[in-house]
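Report on the structure
Residue-level listing of the chains:
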Amino acid sequence: MTQKSNHEYYMQRCIELAKNGTGQVAPNPMVGAVVVHKNRIIGQGYHAGFGEPHAEVHAIARVKDKSLLPESTLYVSLEPCAHQGKTPPCADLIVAYRIPKVVIGMVDPFNQVNGAGIKRLEQAGCEVATGVLEKECWDLNKAFITYHTQKRPYIILKWAQTLDGLIDKKREPGFIQEPNWITNEVCRSLVHKWRSQVQSIMVGTHTAYIDNPQLNVRVWSGKAPLRIVLDKELKLDKKLHLFDQQQATLVLNSVKDAVDGLVEYKTLPFGDAFLRELMNILYDKGVNSLLVEGGQQLLQSFINKNYWDEARVFTGNVFFNQGTAAPVIKGVVASHQKLRDNFLITYLNR
């Protein structure tokens, strides 16, 4: 086994460990770390929750014989921090234990780190290697990276369409009914998993009115995201699930700024600058990921303004014959999955 493949093997283990923090660490990144002594892992760990010790701390703590650390290599999927945040600097811990070599998946784009951790290690005499499985490490924390480099959340668009390209049946004005399910239970469970992995979820006024969605996590375990709904003139019925005070909810409107328990009302301009202002609001709140679930006009507005990173489009095994057309999107097809009698295509905006 070559030295390069050794690095990739242990970095892959870091990535696998890091995924255990999915949905628990945001807005922090998911990070995994392993300590290797003579081609044997003697300690490993991951960042398990926001404000809790980082991956490097857990990995070093799990090394039973600390005398081996000065002869070991530390692998970590993201550059160790060099600043005092909610936890002490990991770079200082590595230096204190005299670990001579550190292999890093990718440099941390956060401006308080961004090379400072590497510099601290090198100044202390550590040998540092970077860029091992860098793309995989980037994919792991694409929301964190987008937030710090583009000053906005990572945006995922999601919808389900029929075989004839519709996302809803034709409904008469004022007529409310149960949602017209297009996908099977496997797909619907997957959506709840996605909700547990993002920090916020958004729908438009029409979707809130006709479908009365809860936008919570029910058939999966995990944290409920911040609910965001458009209600320009504050005409939505307060008996809707979105106003049930069960989770944090942001109501975007043009009438008032106010807080009612877990429901916050926030004004912003409704026009060409709307999405840009929304990005600023979410950035200021520290929200690094957004799942947009509908409806058609809202989804298309994100596409038209090029505010999207990923689109997850289900196709169900049904026909509606007439109704609301699905959004029109162009992107790179990243994956194509068959979920029983349904299909899921994931597009990337590149």
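Residues numbered from 1 in each chain as written. Predicted model: local features only at pLDDT ≥ 70, side-chain atom pairs only at ≥ 80, totals over all residues. Heavy atoms only, no water.

Per the counting criterion, the structure on display carries 13 salt bridges. With its nearest N and O atoms 3.5 Å apart, the salt bridge here joins R13 to E16. Highlighted residues: R13 and E16, both in helix α1 (residues 3-18), separated by 3 residues, approximately one helical turn. Under the relative-accessibility criterion, R13 is labelled partly exposed at 28%. Judged by relative accessible area, which is 40%, E16 ranks as partly exposed. (Salt bridge = Lys/Arg side-chain N within 4 Å of Asp/Glu carboxyl O. Helix = DSSP H or I, 4+ residues; strand = E, 2+ residues; numbered from the N terminus. Buried < 20%, exposed > 50% of the residue type's maximum accessible area, 1.4 Å probe, protein only.)

Within a sheet, adjacent strands bond to each other through the backbone by hydrogen bonds, running parallel or antiparallel. Strand order in the open sheet formed by 5 strands is β2-β1-β3-β4-β5, and the pairing between neighbours is mixed. Only two strands of the sheet have a single neighbouring strand rather than two, namely β2 (40-46) and β5 (127-129). Ignoring which end each strand starts from, the neighbouring axes of this sheet average 20° apart. When strand β1 (residues 32-37) meets strand β3 (residues 73-78), the two strands line up antiparallel, connected through 4 bridges. (Pairing = 2+ DSSP bridges. Axes fitted to C-alpha atoms, helices over the stretch in contact; angles between N-to-C directions.)

Nonpolar side chains tend toward joint burial in soluble globular proteins. Residues M11, V35 and Y75 are the most contacted members of the largest nonpolar core, which totals 37 residues. For this core, the elements supplying multiple residues, two or more each, are α1, β1, α2 (55-61), β3, α3 (90-96), β4 (101-106), α4 (116-123) and α6 (142-150). Of all the elements, α1 adds the most residues to this core, at 5 residues. If we skip the residues at most four places from it in the chain, V35 touches R40, I41, I42, G43, A59, I60, V63, L69, S72, T73 and L74. Grouped together as the second largest cluster of nonpolar side chains are 32 residues, W159, L252, L275 and F302 included. (Core = buried A, V, L, I, M, F, W, Y, C linked by side-chain atoms within 4.5 Å. Contact = heavy atoms within 4.5 Å.)

Let's shift gears to the side chain of E310. Among the secondary structure elements, E310 is positioned in strand β14 (residues 310-315). Among the polar contacts listed, one links the side chain of E310 to the side chain of Y154, at a separation of 2.6 Å. Engagement of the side chain of E310 in a polar contact is seen with the side chain of R312, the distance being 2.7 Å. When residues no more than four places from it in sequence are discounted, the contact partners of E310 are K142, Y154, I155, I156, L157, T346, Y347 and L348. (Polar contact = N/O pair within 3.5 Å; in protein donor to acceptor, adjacent residues only side chain to side chain.)

Turning our eyes to something else, we now look at the pairing of strand β16 (residues 332-339). Sheet analysis places β16 next to strand β17 (residues 342-348), joined by 7 bridges and oriented antiparallel. In the sheet register, H336 faces β17, and the bridge partner there is I345. Taken together, β16 and the strand that follows it, β17, pair antiparallel across an intervening segment of 2 residues, in which R340 is found at a positive phi of about 60°.

The description of an aromatic ring pair uses the distance of the two centres, along with the angle that the planes make with each other. This model, assessed by the stated rule, comprises 5 aromatic pairs. Relative to Y10, the ring of Y9 lies with its centre 5.1 Å away and its plane at 75°, an arrangement referred to as edge-to-face. Residue classification places Y10 among the buried positions, given a relative accessible area of 4%. Summarising the aromatic geometry, the rings of F270 and F274 are spaced 5.1 Å apart at their centres and angled 35° between planes, so their arrangement reads as tilted. F270 sits in the partly exposed class, given a relative accessible area of 30%. Three or more aromatic residues joined by ring pairs form one cluster here, namely Y9, Y10 and Y75. Above the face of the Y265 ring, K256 is positioned so that its terminal group lies 4.4 Å from the ring centre. (Phe/Tyr/Trp six-rings, centres within 6.5 Å; stacked < 30°, edge-to-face > 60°. Lys NZ or Arg CZ within 6 Å of the ring centre and 35° of its normal.)

Most peptide bonds are trans, and most residues other than glycine sit at a negative phi. Between A26 and P27 the backbone carries a cis peptide bond, its omega angle lying at 10°. With respect to the secondary-structure elements, P27 resides in the loop between α1 and β1. Phi is positive for N321, which is not a glycine, with a value near 70°. Within the element layout of this structure, N321 appears in the loop between β14 and β15 (323-325). N321 gets classed as exposed once you look at its relative accessible area, which sits at 68%.

This brings us to the sheet that holds β14. Taken in spatial order, the 10 strands of this open sheet run β11-β12-β10-β9-β8-β13-β6-β14-β17-β16, and their pairing is mixed. The open sheet has two free edges, formed respectively by β11 (258-260) and β16, since each of these has just one partner strand. On average, adjacent strands in this sheet sit at an angle of 20° to one another, irrespective of strand direction. Both strand β6 (residues 154-161) and β14 contribute to a ladder of 6 bridges, which runs parallel. Pairing of I156 across the sheet is with E310, part of β14.

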